[in-house]
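The residues making up each chain are set out below.
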Amino acid sequence: MRSLVSGLVAFHLIAFASVSTGGPNENGTLVVHGCDLCFTTTDWPFFCDPTNWPQELLPTTCAEVNTYLEGANTVVWYVYAAFPPSASPRLSEVSFGIDLPELELVVVAWGSCADAFEATSNWPGSGSGTVLRWSVPQESTFVTAAYFAGYNYYGNPVSFALTPHPEVGGYFGDDSDPIVKDPIAQYGSLGWDGGEGSAPCPEEPTPTVRQSWGKTKWEIRSK
């Protein structure tokens, strides 16, 4: 005699959901703007002053960034921290690195637009990094961080690329204690004479739902 008895069916399901948010500088990107008309040797101490150049030469938003240059003239390029339009950043610190073909792209000057900085011993060489710090947090969604001046020696296709800092990584830090470090979402680059350039503008953040699911267990007893 055979019988099937369904004695008990148990279903256990446990779900936990939470919304994860970062710091005030979340979703920010780092971009490079090439200014082919921004250069005279006497202007170096004033490169961080936006009134030093005609207004149309420098961007005010990420969408206006120029990522391509041509010719062998010495030019200036700027590094900007860009945040979503709806953000309320409190930028007190930024950490990043650079990558470039040193024998072809010659850097003749550079400067920090922050109040203080630390750099690796080979800065501003390829693979080096720096950390810039402001004494007063920057609250704009488009912040001038640094400038470089240089030229493409041979005229070959070359690129200057922003990267994570080789030792501490790439991040935007706020003014809290302890500091909250939001990872730099994306990095831009600047191309010369056929080299690739890109300006990844920041996207509006979306809530991230973290879910933790318990085991699902079916128990079937039969006789």
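Everything here concerns the structure above.
Residues numbered from 1 in each chain as written. Predicted model: local features only at pLDDT ≥ 70, side-chain atom pairs only at ≥ 80, totals over all residues. Heavy atoms only, no water.

Here's the deal with the sheet that holds strand E4 (residues 75-82)
If you walk across this open sheet you meet the four strands as E2-E4-E9-E6, and the pairing is antiparallel. Pairing within the sheet leaves two strands with one partner each, and these edge strands are strand E2 (29-35) and strand E6 (105-112). Shown here is a sheet whose adjacent strand axes are inclined to one another by a mean of 25°, direction ignored. In the sheet, E2 pairs with E4 via seven bridges, with the strands oriented antiparallel. Note on E4: the bridge partner recorded for Leu 30 is Ala 81. (Pairing = 2+ DSSP bridges. Helix = DSSP H or I, 4+ residues; strand = E, 2+ residues; numbered from the N terminus. Axes fitted to C-alpha atoms, helices over the stretch in contact; angles between N-to-C directions.)

Here's the deal with the pairing of strand E10 (residues 158-163)
In terms of strand pairing, strand E5 (residues 91-99) meets E10 through three bridges, oriented antiparallel. Paired with Ile 98 across the two strands is Leu 162, which belongs to E10. Judged from the four bridges that link them, E10 and strand E13 (residues 189-192) form a sheet pairing that is antiparallel. Paired with Ala 161 across the bridge in E13 is Ser 189.

Overview of the environment of Gly 97
Topologically, Gly 97 is positioned in strand E5. Taking relative accessible area as the criterion, Gly 97 reaches 0% and is therefore assigned buried. The sequence separation of Gly 97 and Val 131 amounts to 34 residues, and the corresponding C-alpha distance is 8.8 Å. Those residues in contact with Gly 97, other than ones at most four positions away along the chain, are Ser 128, Gly 129, Ala 161, Leu 162, Thr 163, Pro 164 and His 165. (Buried < 20%, exposed > 50% of the residue type's maximum accessible area, 1.4 Å probe, protein only. Contact = heavy atoms within 4.5 Å.)

Section: unusual backbone geometry
Here the residue pair Trp 123 and Pro 124 is connected by a cis peptide bond, since its omega of 0° sits within 30 degrees of zero. Here Pro 124 shows up in the loop between strand E7 (116-119) and strand E8 (129-138). Each neighbour pair has its own omega, and for Asp 177 with Pro 178 the value is 5°, a cis peptide bond. With respect to the helices and strands, the residue Pro 178 is situated in the loop between strand E11 (171-173) and strand E12 (181-183).

Here's the deal with the pattern of salt bridges
Side-chain pairing between opposite charges can occur once the charged atoms of the two side chains come close. Under the criterion given, the structure shown has four salt bridges. The salt bridge partner of Arg 133 is Glu 93, with a shortest N-O separation of 2.8 Å. Within this pair, whereas Arg 133 is found in strand E8, its partner Glu 93 is found in strand E5, the two being separated by 40 residues in sequence. What makes Arg 133 partly exposed here is its relative accessible area of 28%. (Salt bridge = Lys/Arg side-chain N within 4 Å of Asp/Glu carboxyl O.)

Remarks on the state of the cysteines
For the structure shown, the criterion picks out three disulfides. Bridging Cys 35 to Cys 38, the disulfide has an S-S length of 1.8 Å. Here the disulfide of Cys 35 and Cys 38 is right-handed, its torsion about the S-S bond being about 50°. Residue classification places Cys 38 among the buried positions, given a relative accessible area of 0%. Sulfur-sulfur distance for the disulfide between Cys 62 and Cys 201 comes to 2.2 Å. On the S-S bond that ties Cys 62 to Cys 201, the torsion sits near -95°, and the link is left-handed. (Disulfide = S-S within 2.5 Å.)

As for the pairing of E4
Note on strand geometry: in a regular strand, side chains alternate between the two faces of the sheet. Counted residue by residue, E4 has eight buried out of eight residues, so it is predominantly covered. In terms of strand pairing, E4 meets strand E9 (residues 142-152) through eight bridges, oriented antiparallel. Residue Val 76 lies in a different strand from E9, and its bridge partner there is Ala 149.

As for the packing of aromatic side chains
This model, assessed by the stated rule, comprises 15 aromatic pairs. Their ring planes at 55° and their centres at 5.9 Å tell us that Trp 123 and Phe 148 sit as a pair that is tilted. Separated by 25 residues along the polypeptide, Trp 123 in the loop between E7 and E8 and Phe 148 in strand E9 bring together distant segments of the chain. We note that Trp 123, like Phe 148, is buried. Their ring planes at 55° and their centres at 5.0 Å tell us that Phe 148 and Phe 160 sit as a pair that is tilted. One end of the pair, Phe 148, is in strand E9; the other, Phe 160, is in strand E10, and 12 residues separate them in sequence. A residue is classified by how much of its surface remains accessible, and Phe 160, at 0% relative accessible area, is buried. Over the ring of Tyr 171 we find Lys 181; its NZ or CZ atom is 4.5 Å from the centre of that ring. (Phe/Tyr/Trp six-rings, centres within 6.5 Å; stacked < 30°, edge-to-face > 60°. Lys NZ or Arg CZ within 6 Å of the ring centre and 35° of its normal.)

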